[in-house]
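Chain by chain, the residues run as shown.
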Amino acid sequence: MKRRLIIILPLIALLVFLSVQVFMIVSIWGQEKENMLMRYQSLTREAAARLMAGKKVNGFEKAMDVTDKFAGLVIKGKLPELSKAADTAELRKKVLTQTYSILQKNEVLSSSTKEYIKKNGYSINYKSFIWISYLSLLTDGGQFIITDTVPDKSEIAKTVIVVESYREEHNNFVIEYVSLIDMTELGSLVFKKAFFSFLLITLSVLIVFLVFWVTWRNLIEERRLSGLKSDFINNMTHELKTPLSTITVAGRTLEKAQINSDPEKVLETAKMISKQSVNLNQLINTILEVSLLERTEFELDRQKVSVDELTHQIVASFLTSCDGCAVVKEDYKATGTSLSVDIVYFTTMVNNLLTNAVKYCDKDPVVLVSTATDNNYFHLTITDNGIGIPHEHTDHIFDKFYRVPYGNIHKTKGLGLGLYYVKRIATAHGGDVSVSSRPGRGSTFKIRLPL
Ligand code: ADP
């Protein structure tokens, strides 16, 4: 329960933190957008006011003159392209389109505004346009309304700013229009403005994520190690108990009076005691060696040896000690190569691999020990026909205490230290060890040591 809380609480904190950052980004974005629109609104208004103050014009004078002439011609029916209009609706549309184009072509407000905005150091990447809300032609009989539309605010884009509204009456027409600008690139302008804040927020999110990820990984690793440790303690207890209980039983047997009459039995029991004591001693030594390995730096007592010969001797004595428990084929191609190694550690390393080749085999063990060299390295390869190692475990088998779980943990004895030891010895010699394996077919362990 506590463990779960340890994981869930930081997760919640992370989510809250992330939501706050997202909220901040959204509000900064909104705020900057608002500011930008207001800034442009005041800039464009200032530009219009300056035009008016300086030249006493609003920038639409010429546009209005041209429109007035155009309106006069329309009223008099002198424009052939308009007289062809099928109905009044079409006529209105054509007049309106033409008026728009006259205004757009002849107004000078937008160019002087752009100049002013540029002078103030702001971007002129916006679109300026005019919107006519009312237009009527003044005919003899009264007014001919071309358009009379009230703007629907919901249809106006959020990026559109109203600069000024105008109402003008001329000889031939009455017009109400608005000059507008559309901040088409508002997004990128705001982004540029708020870039530094966004960068800081993103960086802080990344840093928090990184810290969280590292902590999370450590936690997972710690959990894995604590699991491995408890497995190790279980295994060790089992390993220690087996020889101890054999010794205890043997001791009790020797205590019995009737056994004294059978010297053969006494000898057999004594041998059993001594064999189990040796086992016990070996076990304790392994544990002690590993804890020593952990505490101090590896100190190698290197000696130049003919490495093929040494390997052959190790194989031979291994076979003797295990009563020929395996068929070992030897293929040495590093003949004559002498290598500077710590003989004791090197022997332990090869022995551990040979022991495993036999231990993790469900048929008659056949092991191939081969050596080779290339320009820089000596290679020792030990291939077995054992049970193999499932792919997902090959990355971990060199870890301390790691044992591949096969359901029944005590089926094969071990403490998960043999390969850890192999790896440490190989790296202490400046080399490395690797494995390739096919479950059900066997495994190949390769040791590589620099020449
Ligand atoms: P131990 O043998 O004491 O469990 P090791 O460190 O020697 O510890 O090996 C770690 C694990 O790697 C073993 O538990 C076993 O599952 C697997 N393993 C090692 N060598 C072999 C092999 N030759 N074939 C199959 N599995 C192996």
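Look up a bit, the structure's there.
Only a predicted model underlies this, so the values are computations on that prediction, with no experimental measurement involved.

J.: An account of a nonpolar patch on the surface is needed here, citing residue identities and associated values.
T.: On the surface, a nonpolar cluster with roughly 880 Å² of combined accessible area is contributed by Phe191, Phe195, Phe196, Leu199, Leu200, Leu203, Leu206, Ile207 and Val211. Its location among the elements puts Phe195 in helix α6 (residues 186–255).

J.: Which residues make up the site of the ligand, and what values go with them?
T.: Around the ligand, a shell composed of 20 residues is seen, among which Asn356, Tyr360, Arg403, Leu415 and Leu419 lie nearest. Here an oxygen atom of the ligand and a side-chain polar atom of Asn356 are 2.8 Å apart. In this structure, an oxygen atom belonging to the ligand sits 3.2 Å away from a main-chain N or O atom of Gly418. A total of 530 Å² of accessible area belongs to the ligand in isolation, and the protein chains cover 98% of it. Listing elements by their share of the shell around the ligand, those giving two or more residues are α9 (343–359), α10 (418–428) and β11 (442–450).

J.: Please provide a residue-by-residue account of the nonpolar core, values included.
T.: Phe346 and Ile397 are the most contacted members of the largest nonpolar core, which totals 46 residues. Those residues in contact with Ile397 that sit more than four places away from it in its chain are Ile389, Tyr402, Val404, Leu419, Val435 and Phe445. Formed by 25 residues, the second largest nonpolar core is a distinct cluster that contains Leu51, Ile130, Ile132 and Phe173.

J.: Talk me through the pattern of salt bridges; I want residue IDs and the actual numbers.
T.: Within this structure, the stated rule accounts for nine salt bridges. The salt bridge involving Glu176 is made with Arg167; its shortest N-O contact spans 2.5 Å. Taking relative accessible area as the criterion, Glu176 reaches 27% and is therefore assigned partly exposed. A salt bridge links Asp362 to Lys363; the nearest nitrogen and oxygen atoms lie 3.6 Å apart. Its relative accessible area of 58% is what places Asp362 among the exposed residues.

J.: Tell me about the sheet that holds strand β6 (residues 327–332), and please be specific about residues and values.
T.: If you trace the five strands from one edge of the open sheet to the other, you get β6-β8-β9-β11-β10, paired in mixed fashion. Each end of this open sheet is capped by a strand with a single partner; those strands are β6 and β10 (432–438). Mean inter-strand twist for the sheet, computed between neighbouring axes without regard to direction, equals 15°. Here β10 runs beside β11; their pairing, made up of seven bridges, is antiparallel.

J.: Talk me through the packing of aromatic side chains; I want residue IDs and the actual numbers.
T.: Scanning the model with the defined rule gives 10 aromatic pairs in all. Centroid distance Trp29 to Phe198: 6.1 Å. Interplanar angle 20°. Geometry classified as stacked. Of the two residues, Trp29 is situated in helix α1 (residues 2–55) and Phe198 in helix α6; the sequence distance between them amounts to 169 residues. Taking relative accessible area as the criterion, Trp29 reaches 29% and is therefore assigned partly exposed. Judged by relative accessible area, which is 8%, Phe198 ranks as buried.

J.: Explain unusual backbone geometry to me, and be specific about the residues and the numbers.
T.: For residues other than glycine, phi is negative in most cases, and the peptide bonds are mostly trans. Even without a glycine there, the phi angle at Asp323 is positive, about 60°. One can find Asp323 in the loop between α8 (307–321) and β6. Relative accessible area serves as the criterion here: at 72%, Asp323 is assigned to the exposed category. Its identity as a non-glycine residue notwithstanding, Phe401 has a phi of 70°, on the positive side. By the secondary structure assignment, Phe401 is in the loop between β9 (377–384) and α10. When its relative accessible area of 10% is taken as the criterion, Phe401 is described as buried.

J.: I'd like a description of the sheet that holds strand β2 (residues 142–148), backed by residues and values.
T.: Taking strand neighbours across the sheet as the criterion, the four strands line up as β2-β1-β4-β3 in an open arrangement whose pairing is antiparallel. The open sheet has two edge strands with one neighbour each: β2 and β3 (160–169). If you compare each strand with its neighbour and ignore which way they point, the axes differ by 15° on average. With nine bridges connecting them, β3 and strand β4 (residues 173–182) associate as antiparallel partners. Bridge pairing links Glu164 to Ser179 in β4. Strands β1 (127–139), β2 and β4 of the sheet are contacted by helix α4 (residues 88–106), whose axis makes an angle of about 130° with β1.

J.: Give me the pairing of β9: which residues, what numbers.
T.: Two strands pair when backbone bridges link them, and strand β8 (residues 366–373) and β9 are joined in this way by seven bridges, in the antiparallel orientation. If you follow Val369 over to β9, its bridge partner there is Ile382. Adjacent in sequence and paired antiparallel, β8 and β9 are bridged by three residues. Here β9 runs beside β11; their pairing, made up of seven bridges, is antiparallel.

J.: Explain the state of the cysteines residue by residue, including any values.
T.: All chains considered together, the criterion is met by one disulfide. There is a disulfide in this structure between Cys322 and Cys325, and the S-S distance comes to 2.0 Å. Handedness of the Cys322-Cys325 disulfide follows from its S-S torsion of about -80°: it is left-handed. Classification of Cys325 as partly exposed rests on a relative accessible area of 25%. With no disulfide of its own, Cys361 lies closest to Cys325 among cysteine sulfurs, the gap being 10 Å. Residue Cys361 is classed as buried on the basis of its relative accessible area, which comes to 15%.

Rules used throughout
- Residues numbered from 1 in each chain as written.
- Predicted model: local features only at pLDDT ≥ 70, side-chain atom pairs only at ≥ 80, totals over all residues.
- Heavy atoms only, no water.
- Patch = residues over 30% accessible without salt bridge, like charges linked within 9 Å, V, L, I, M, F, W, Y side chains within 5 Å.
- Areas by Shrake-Rupley, 256 points an atom, 1.4 Å probe, with all protein chains shown as cover.
- Salt bridge = Lys/Arg side-chain N within 4 Å of Asp/Glu carboxyl O.
- Helix = DSSP H or I, 4+ residues; strand = E, 2+ residues; numbered from the N terminus.
- Near = heavy atom within 4 Å.
- Polar contact = N/O pair within 3.5 Å; in protein donor to acceptor, adjacent residues only side chain to side chain.
- Core = buried A, V, L, I, M, F, W, Y, C linked by side-chain atoms within 4.5 Å.
- Buried < 20%, exposed > 50% of the residue type's maximum accessible area, 1.4 Å probe, protein only.
- Contact = heavy atoms within 4.5 Å.
- Pairing = 2+ DSSP bridges.
- Axes fitted to C-alpha atoms, helices over the stretch in contact; angles between N-to-C directions.
- Phe/Tyr/Trp six-rings, centres within 6.5 Å; stacked < 30°, edge-to-face > 60°.
- Disulfide = S-S within 2.5 Å.

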